[in-house]
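Spelled out, the chains give:
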Amino acid sequence: MSILKAYYNRKKKQSVYRETFLSDLLPADFVESTITFQSGIPRQNAEQYIQPFLNGGNCKIKWDRKVAISTPLRLQSDTTIIATDITKGAILATGSEKPIFMNRNIVFAGNTSIVDKNIIIDGGTWHGNNDGQQNKGTPEFGLATINSFHGVKNLQYRNCNFFEPMTYCILANNIVDGVYEDIYIDVGVNSRSNKDGVHFDGWCANCRISRLDVKTLDDAIGLNTNDAFTKKFNYPDRTFTDFYDVSMYGPITNIIIEDIHFRNSIFGIRLLSTVALVSNITIRRFTGITGEYAILIDNFQSDMNWCTPNGLGNFKNIIIDDIDVIISDRVQWGANQSAVINIAGSIDGLTATNVLGARNGSKPLYAKKPSCPLGNYIYKNIVVNGQNIT
C-alpha cells in the first residue's frame, strides 16, 4: 500500500461518525444512581463503559441513564452529549473529588493553540455530590467542579440542571465561542465557599451566558482574569498548582451575560482582574435576590495576597443595563462594599443604564472605592444612570 493511500485510509477511518444510546454501552444489570436535588445517591460507576466510546471524538451519546462517575470523562472534538430528558445525567462518585466532564487536550492559554472543538452538552442533570467529597480537588485534575474545560472552541451547554457541587458547577478557561444558556443551578445548603455557578478564568473570548436561574454560595457568575489557584487551594497534602498553570491568567473579552435570575444567591456577578484585561463585557436584564452585591468589579482588594500577580485592576468597556435586584441584608463572607454595583479596580469605560436601587432600600445604588493597599485606582469614563461618577 502506498504511503498516500495509507494516509487517506487513516483519515477516512478517523472521520467515521458514531452515535449510541448510553444504555447500549452499559451492562444489562447496571445499577442506576439517584441524581435529584438534595437526594443524590451514587451507585455503580460508568466511566469504564463510556470513555472507550468517547475516545477520538466525532460522536454522540444519547444519555438515557443516571450513572455515577468517579474519574473525568474526557471529551474531544465533535462530541455531543444529549440527554433524552432532564431526569437523566450523572452524579460524582463519593470520594472522587474530580470533575465529571473535562476536555481531552488541556490548553490553559492561547486561543490559537486550542485542539478540542465543537463540544456540546445538551440537557440532563449533573450532580456534584458535595456531601460525598472531602477535599476541593486533586493535583491530577484540579478543582472538584462538575465540569472543567480548558481550551475548547465552540463549547455549548444548554438546558441543563447543575446541583450541589463541591466547588464550581462550570469552570471555563481558554474557551472561545462558548454558549451557556437555559441553565438551572442550585448548589445546595452546605456552607463551604467557592461554590460558583459559572466561573470563567483567563483567555475566554466571544462567549454568551444567558437565561440562567441560579442559587450559589459564592459568585453566581465570575469572570476572573487573575485568580487565586496558586494560593488559596493549596493544602498540606495536595497542591492544586500541580495541575493549574499560571499561564491560565489572561484576558477575558467579548462576553455577553443576559437574562439572569438570582434565587437568593450569596453574590451576583463578579469581574475580577489585577493585571490581565477584562474588556467588552455586556451585562443586562438581571432580577432576583443576592446578598452583598449584584455586580462587583474589583482587584480582590479585600485580600491583596490572594491573586497572582497583584495589581490595581484592568477593566475596559463594561456595559450594564436593566438591573432590578433585591440586595439582602445577609452578609456571608464579609461585604466588599455592599451596593447594587460595587467598583474597586481601575476602569476605563463603564456605562450603566436602567439600574434600580436595591428594592429593600438598605443598600446604595453604587459604591466606588478610591484606593487599595497598592495605591489609587484610576477611573475614567464611568457613568451610572446618566451620572458621571468618575
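> Would you mind going over the overall build of the protein chain with me for this structure?
On a plain count of helices and strands, the protein chain comes out with 3 helices and 31 strands. A total of 390 residues make up the protein chain; the buried ones form 56% of that total. Counting only contacts in the protein chain whose residues sit at least 6 apart along the sequence, the fraction spanning at least 24 positions is 76%. Within the structure as shown, the protein chain displays about 14,600 Å² of accessible surface, and the carbon and sulfur contribution to it stands at 50%.

> What exactly am I supposed to notice about the pattern of salt bridges here?
When the charged atoms of two side chains lie near each other, side chains of opposite charge can form a pair. Summed over all chains, the structure comprises 13 salt bridges. A salt bridge links arginine 284 to glutamate 258; the shortest N-O distance between them is 2.8 Å. Taken as a pair, arginine 284 in strand β22 (residues 278-291) and glutamate 258 in strand β20 (residues 252-265) lie far apart in primary sequence, 26 residues in all. In this structure glutamate 258 comes out as buried when scored by relative accessible area, which is 9%. Sharing partners across several salt bridges, the network here consists of Arg158, Glu181, Asp182, Arg208 and Arg211.

> What's the story with the environment of asparagine 58 in this structure? I'm lost.
For asparagine 58, the location among the structural elements is in the loop between α3 (47-54) and β2 (59-63). For asparagine 58, a relative accessible area of 16% gives the class buried. As for asparagine 58 and serine 77, which are separated by 19 residues in sequence, their C-alpha atoms are 6.2 Å apart.

> Explain the side chain of serine 33 here, please?
Within the element layout of this structure, serine 33 appears in the loop between α2 (22-25) and α3. For serine 33, the side chain forms a polar contact with the main-chain nitrogen of arginine 43, separated by 2.9 Å. Engagement of the side chain of serine 33 in a polar contact is seen with the backbone nitrogen of alanine 68, the distance being 3.4 Å. Setting aside chain neighbours within four positions, we find serine 33 in contact with Ile41, Pro42, Arg43, Gln44, Lys66, Val67, Ala68 and Ile91.

> What is the right way to read the pairing of strand β30 (residues 379-384) from this model?
Remark: a regular strand shows side chains that alternate across the two faces of the sheet. Where strand β26 (residues 347-355) lies against β30, 5 bridges are found, and the strand directions are parallel. Each bridged residue has a counterpart across the sheet, and for leucine 350 the counterpart in β30 is isoleucine 382. Pairing geometry for β30 and strand β31 (residues 387-388), over 2 bridges, is antiparallel. Looking across to β31, one finds that valine 384 is bridged to glutamine 387.

> Please clarify how α3 should be interpreted in this entry.
Taken together, the buried positions of α3 are occupied by Glu47, Ile50, Gln51, Phe53 and Leu54. For α3, the buried positions fall inside an angular range of 160° around the axis, keeping them on one side. Tucked inside the fold, the buried residues of α3 contact β1 (18-21), α2, β2, β3 (66-69), β4 (73-75) and β5 (79-83). A positive backbone phi angle near 95° is found at glycine 56, which sits one or two residues after α3.

> Looking at this structure, I do not really get the pairing of strand β12 (residues 147-163). What am I missing?
Of all 17 residues in β12, 13 are buried; the element is thus mostly enclosed. With 2 bridges connecting them, strand β7 (residues 101-103) and β12 associate as parallel partners. Its bridge partner being in β12, methionine 102 is matched across the sheet by serine 148. In terms of strand pairing, strand β8 (residues 116-122) meets β12 through 6 bridges, oriented parallel. Bridge pairing in β12 links isoleucine 120 to glutamine 156. Two elements, strand β9 (residues 125-127) and β12, share 3 bridges in a ladder whose sense is parallel. Residue pairing across strands places histidine 127 opposite phenylalanine 163, the latter belonging to β12. Where β12 and strand β13 (residues 170-176) come together, 6 bridges link them in parallel fashion. When the bridges of β13 are listed, lysine 153 appears paired with valine 176. Strand direction decides the pairing type here: β12 and strand β14 (residues 179-186), joined by 7 bridges, are parallel. Among the inter-strand pairings, cysteine 160 is bridged to a residue of β14, identified as isoleucine 183.

> What should I look at first to understand the nonpolar core in this one?
Soluble globular proteins tend to bury their nonpolar side chains together. Ranked by internal contacts, the top residues of the largest apolar core, which has 87 residues, are Trp63 and Phe200. Those residues in contact with phenylalanine 200, other than ones at most four positions away along the chain, are Ala172, Tyr180, Cys207, Ile209, Gly222, Leu223, Asn224, Ile252 and Ile255. Membership of the second largest hydrophobic core comes to 10 residues, among which are Phe108, Phe141, Leu143 and Tyr244.

> What is the right way to look at the packing of aromatic side chains in this model?
Any pair of aromatic rings gets described here by the distance separating the centres and the angle formed by the planes. In the structure shown here, the tally under the stated rule is 15 aromatic pairs. A ring pair is formed by phenylalanine 149 and tyrosine 157, whose centres lie 6.1 Å apart and whose planes are at 80°; its orientation type is edge-to-face. Like phenylalanine 149, the residue tyrosine 157 is buried in the burial classification. Relative to tyrosine 184, the ring of phenylalanine 163 has its centre 6.3 Å away and its plane inclined at 90°; by these criteria the two rings are edge-to-face. You can see phenylalanine 163 sitting in strand β12 and its partner tyrosine 184 sitting in strand β14, a full 21 residues away along the chain. In this structure an aromatic cluster arises from ring pairing among Phe149, Tyr157, Phe162, Tyr180 and Phe200. Just above the ring of phenylalanine 53 sits the side chain of arginine 18; from NZ or CZ to the centre is 4.8 Å.

> Explain unusual backbone geometry here, please?
Comment: phi is negative for the bulk of residues other than glycine, and the bulk of peptide bonds are trans. Here asparagine 118, not a glycine, exhibits a phi torsion of approximately 60°, which is positive. One can find asparagine 118 in strand β8. A residue is classified by how much of its surface remains accessible, and asparagine 118, at 31% relative accessible area, is partly exposed. The backbone of asparagine 159 sits at a positive phi, close to 60°, despite the residue not being glycine.

Thresholds applied
Residue indices follow the written sequence of each chain, beginning from 1 at its first position. Only residues with pLDDT of 70 or above have their local features reported here, since the model is predicted, and side-chain atom pairs are shown and tallied only from 80 upward, although totals for entire chains, interfaces and linings are computed over all residues. Side-chain calculation: all heavy atoms of the structure are included, whereas hydrogens and water are not. Strands are runs of DSSP state E lasting at least two residues, helices are runs of H or I lasting at least four, and both sets are numbered from the N terminus onward. Partly exposed residues are those whose accessible area sits between 20% and 50% of the maximum for their type, while under 20% is buried and over 50% is exposed, using a 1.4 Å probe and protein chains only. Contacts are residue-level and defined by heavy atoms, with any inter-residue pair within 4.5 Å sufficient. Values of accessible area rely on a 1.4 Å probe in the Shrake-Rupley scheme; residue burial ignores everything except the protein chains shown. Should a side-chain nitrogen of Lys or Arg be within 4 Å of a carboxyl oxygen of Asp or Glu, the pair is scored as a salt bridge. Between N or O atoms, a polar contact is any pair within 3.5 Å; within protein, one atom must be a potential hydrogen donor and the other a potential acceptor, and residues adjacent in sequence are included only when both atoms are from side chains. Between any two strands, at least two bridges found by DSSP are needed for them to pair. The arc in question is formed by the directions pointing from the helix axis toward the C-beta atoms. We call a set of buried Ala, Val, Leu, Ile, Met, Phe, Trp, Tyr and Cys residues a nonpolar core when their side-chain atoms join them within 4.5 Å. Side-chain rings of Phe, Tyr and Trp, where Trp is taken by its six-membered ring, are said to pair if the distance between their centres is within 6.5 Å; with planes under 30 degrees apart they count as stacked, over 60 as edge-to-face, and otherwise as tilted. Counted as over-ring charges are cases with an Arg CZ or a Lys NZ within 6 Å of the ring centre that also lie within 35 degrees of the ring normal.

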